[in-house]
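# Structure at a glance
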Amino acid sequence: MFTAIGSVAQTASTPHAKVPDSSKVITDPAQIVAKDKFDIQPFTIDKLYMTRTVGDSTWSPDDKQVAFVTNISGRNNIWVVSAQSGWPMQLTVSNQRQTGIAWSPKGRWIAYNSDYDGNEQWDIFLVAAENGQIVNLTNTRRFQKKAPRGPRTARSWPTA
């Protein structure tokens, strides 16, 4: 019923809409042939595994740059590119995962989360947008707590 009402409303709002001509024959998909393009290289399994990804991204406060996480270099790191285009500049060089990127209000720093070898002891870092200088704000590796022994109940886990 909602579909019918929506169709009536759409038809009423667009009085000059073209109605498909039923006298035209619809092309048979089996008869469609792509033009040959000889300069394309085959897509191999090796190329599939070299496919790069882009993860988190965020605009700078002045809208002149975009920071993003990508594995262009083989590992997920933070890169920055001009909003006008061009090749991005790599800010972080690390084998550790980096997520949750956010610019500082003045655009001088980019904050991000990173853990050590997947241990999920997340640290908060800053990286300077201008030169890649890194500051670890939390240093959790020095303060790791051991998991409690016994059953995992709400009372057995640390509250802090």
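With respect to topology, 4 strands assemble into an open sheet ordered β5-β6-β7-β8, the strand pairing being antiparallel. Each end of this open sheet is capped by a strand with a single partner; those strands are β5 (98–103) and β8 (134–136). Neighbour-to-neighbour, the strand axes of the sheet open up by a mean angle of 25°, direction not taken into account. Note that strand β6 (residues 109–114) and strand β7 (residues 123–128) share 6 bridges and pair antiparallel. Paired with Tyr112 across the two strands is Phe125, which belongs to β7.

On to the confidence of the model for the protein chain, then. The predicted structure's coordinates, where accompanied by low pLDDT, should not be read in detail. Looking at the protein chain, pLDDT values average 76 and 68% of them are 70 or higher. Of all the helices and strands in the protein chain, helix α1 (residues 2–13) carries the lowest mean pLDDT, 43, while β6 carries the highest, 94. The model gives residues 1–13 a pLDDT under 50, and that stretch makes 0 contacts with residues more than four places away or in other chains. Note that pLDDT drops below 50 for residues 147–160; the model gives that stretch 8 contacts with residues more than four away or on any other chain.

Further remarks concern the pairing of β7. As paired strands, β7 and β8 are joined by 3 bridges and run antiparallel to one another. Along β8, the bridge assignment pairs Phe125 with Asn136.

Another aspect to go through is the side chain of Ser114. Tracing the chain through its elements places Ser114 in strand β6. For Ser114, the side chain forms a polar contact with the main-chain oxygen of Arg97, separated by 2.9 Å. Not counting residues within four places of it along the chain, the set of residues in contact with Ser114 comprises Gln96, Arg97, Gln98, Gln121, Trp122, Asp123 and Phe125.

Now for the packing of aromatic side chains. With the rule as written, the count across this model stands at 1 aromatic pair. Ring centres of Tyr112 and Phe125 lie 5.3 Å apart, and the angle between their planes is 10°; this geometry places the pair in the stacked category. A residue pair is termed long-range when its members are at least 10 positions apart, and Tyr112 in strand β6 and Phe125 in strand β7 qualify at 13 residues. When sorted by exposure, Tyr112 lands in the same class as Phe125, which is buried.

Rules used in this analysis
- Residues numbered from 1 in each chain as written.
- Predicted model: local features only at pLDDT ≥ 70, side-chain atom pairs only at ≥ 80, totals over all residues.
- Heavy atoms only, no water.
- Pairing = 2+ DSSP bridges.
- Helix = DSSP H or I, 4+ residues; strand = E, 2+ residues; numbered from the N terminus.
- Axes fitted to C-alpha atoms, helices over the stretch in contact; angles between N-to-C directions.
- pLDDT = per-residue confidence, 0-100.
- Contact = heavy atoms within 4.5 Å.
- Polar contact = N/O pair within 3.5 Å; in protein donor to acceptor, adjacent residues only side chain to side chain.
- Phe/Tyr/Trp six-rings, centres within 6.5 Å; stacked < 30°, edge-to-face > 60°.
- Buried < 20%, exposed > 50% of the residue type's maximum accessible area, 1.4 Å probe, protein only.

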